[in-house]
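# Chain and residue survey
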Amino acid sequence: MDPLEDVLTLLDTRGHLSSSLVAGGRWAVRFDAPSGVKFNAVRRGRCLLELEGTADPLALEEGDCYLLTQPRRFTLRSDPEAVAVDAGRVFASSEGGVARAGDGTDEEVLLIGGRFSFGDRARTLLLEDLPPVIHVPARTPQAETLQWALAEIDRELRDGPMASTLVAEHLAVVMLVHVLRLHLTREPGAASGWLAGLGDPVVAAALTSLHSRPEHPWTVAELARACAVSRSTLAARFKSTVGRGPLEYLTRWRVELASRHLRRGTDTVSAIARTVGYGSESALSTAFKRVNGISPRDYRRTTQAS
């Protein structure tokens, strides 16, 4: 797996679609802070997005989509003067998977949306490295790759063939991957942590090697040879981009993998240690406690009891 696929798989990334929103005339809908990552796509018309903690509203055009990566309240509106109503009230009266807002009879705006849910470690592994809003305008070349997924989601929701909800939710995850790819390509300096490393060809090669064989006893010298650079070049670029050295990153990734085994499986700590690249239970325990502040056995007891 590549690093992005690895992390999204580890986090049990899932798409959840909500009712579509059709609005006309003057309207505004106020939403509570979402759990997970919220997304919307403007399939028809235009509107404004106001996000808590940002100064200016974001103008959305037909074909635009966005991700909200932080738990912040937000409002969608036709204009700055429209009086906002609570989204819960609007969506409670949905019919046929469509909620309606506004004081006009013309259906001027259509938005489809939902959210992505993740495992417990999403904030640390993925979301804190992203800006609070990722906007993909329709009139940019990058947005073209999203149009197929959005059109298929729209068709599944509109026509309702067999298993349409399942298909649409899987397509939403496809859309998420495309948006993250485009974000990294379009704004390579806007990401941080391991996500930023994916924008550097040398660091990306190192991350791919580490994720491909996390159990391997990597050294910086061997990793540098795999990336066709010097040891000092790799160490410097990795540290400046990712924020920690390659072997420290490897330790943390191994601990994440061990955490998943401890949460879900019944293998002994000793067996898990060997699986993720440690020669003994004590070696894993030392690394695990340094990263998580708790021993593997206590972690298993705590997470499986909750």
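Read on for a plain summary of the structure.

Cut-offs and rules
- Residues numbered from 1 in each chain as written.
- Predicted model: local features only at pLDDT ≥ 70, side-chain atom pairs only at ≥ 80, totals over all residues.
- Heavy atoms only, no water.
- Helix = DSSP H or I, 4+ residues; strand = E, 2+ residues; numbered from the N terminus.
- Buried < 20%, exposed > 50% of the residue type's maximum accessible area, 1.4 Å probe, protein only.
- Lys, Arg positive; Asp, Glu negative; His and termini not counted.
- Salt bridge = Lys/Arg side-chain N within 4 Å of Asp/Glu carboxyl O.
- Core = buried A, V, L, I, M, F, W, Y, C linked by side-chain atoms within 4.5 Å.
- Contact = heavy atoms within 4.5 Å.
- Phe/Tyr/Trp six-rings, centres within 6.5 Å; stacked < 30°, edge-to-face > 60°.
- Pairing = 2+ DSSP bridges.
- Expected span 1.5 Å × (residues − 1).

## A closer look at the side chain of Arg 300
Among the secondary structure elements, Arg 300 is positioned in helix H13 (residues 296–305). Buried charge Arg 300 goes without a salt bridge, the closest partner of opposite sign being Asp 267 at 6.7 Å.

## Regarding the nonpolar core
Ranked by internal contacts, the top residues of the largest apolar core, which has 67 residues, are Phe 116, Phe 118, Leu 126, Phe 238 and Leu 284. Residue contributions to this core peak at 10 residues, all from helix H5 (residues 164–186). In this structure Phe 116 touches Arg 14, Gly 15, Ser 35, Gly 36, Val 37, Phe 39, Leu 67, Ala 172, Val 173, Met 175 and Leu 176, once residues within four positions along its chain are discounted. The next biggest cluster of nonpolar side chains, apart from the first, holds 20 residues, and it includes Val 29, Cys 47, Leu 51 and Leu 76.

## What to know about the packing of aromatic side chains
Evaluated as defined, the whole model comprises five aromatic pairs. For the ring pair Phe 238 and Tyr 249, a centre distance of 5.9 Å and an interplane angle of 65° mean the geometry is edge-to-face. Linking Phe 238 in helix H9 (residues 231–242) with Tyr 249 in helix H10 (residues 246–264), this pair joins segments that are 11 residues apart in sequence. Across this residue pair, the class does not change: Phe 238 and Tyr 249 are buried. An aromatic cluster is built from Phe 31, Phe 74 and Phe 91, whose rings are joined through pairwise contacts.

## Some details on the pairing of strand E1 (residues 14–17)
Here E1 shows a clear split, with Gly 15 and Leu 17 buried on one side and none of Arg 14 and His 16 buried on the other. Alignment of E1 against strand E11 (residues 109–117), held across four bridges, turns out to be antiparallel. Each bridged residue has a counterpart across the sheet, and for Arg 14 the counterpart in E11 is Ser 117.

## Observations concerning the sheet that holds strand E9 (residues 85–86)
The strand order E6-E5-E8-E3-E9 describes an open sheet built from five strands, whose pairing is mixed. Each edge of the open sheet is held by one strand with a lone partner, namely strand E6 (58–60) and E9. The sheet contact formed by strand E3 (residues 28–31) and strand E8 (residues 74–77) spans four bridges and is antiparallel. Residue Val 29 lies in a different strand from E8, and its bridge partner there is Leu 76.

## A short note on the environment of Asn 292
Position of Asn 292 among the secondary structure elements: in helix H12 (residues 281–292). A residue is classified by how much of its surface remains accessible, and Asn 292, at 26% relative accessible area, is partly exposed. Residues Asn 292 and Glu 256 lie 36 residues apart in sequence; the distance between their C-alpha atoms is 9.6 Å. The residues touching Asn 292, leaving out its near neighbours within four places in the chain, are Arg 121, Val 255 and Ser 259.

## Topic: H9
For H9, spanning 12 residues, the distance from its first C-alpha to its last is 16 Å, which sits close to the expected 16 Å at 1.5 Å a residue. Those residues of H9 hidden inside the fold are in contact with helix H6 (193–197), helix H7 (201–212), helix H8 (220–227) and H10. Downstream of H9 by one or two residues, Gly 243 has phi in the positive range, about 100°.

## Regarding the pattern of salt bridges
A side chain with one charge may pair with a side chain of the opposite charge, provided their charged atoms come close. Throughout the structure, instances matching the rule amount to 14 salt bridges. Taking the shortest distance from any N to any O, the salt bridge between Glu 248 and Arg 252 comes out at 3.6 Å. Highlighted residues: Glu 248 and Arg 252, both in helix H10, separated by four residues, approximately one helical turn. Judged by relative accessible area, which is 31%, Arg 252 ranks as partly exposed. Residues joined in a network through salt bridges with shared partners are Glu 152, Arg 155 and Glu 156.

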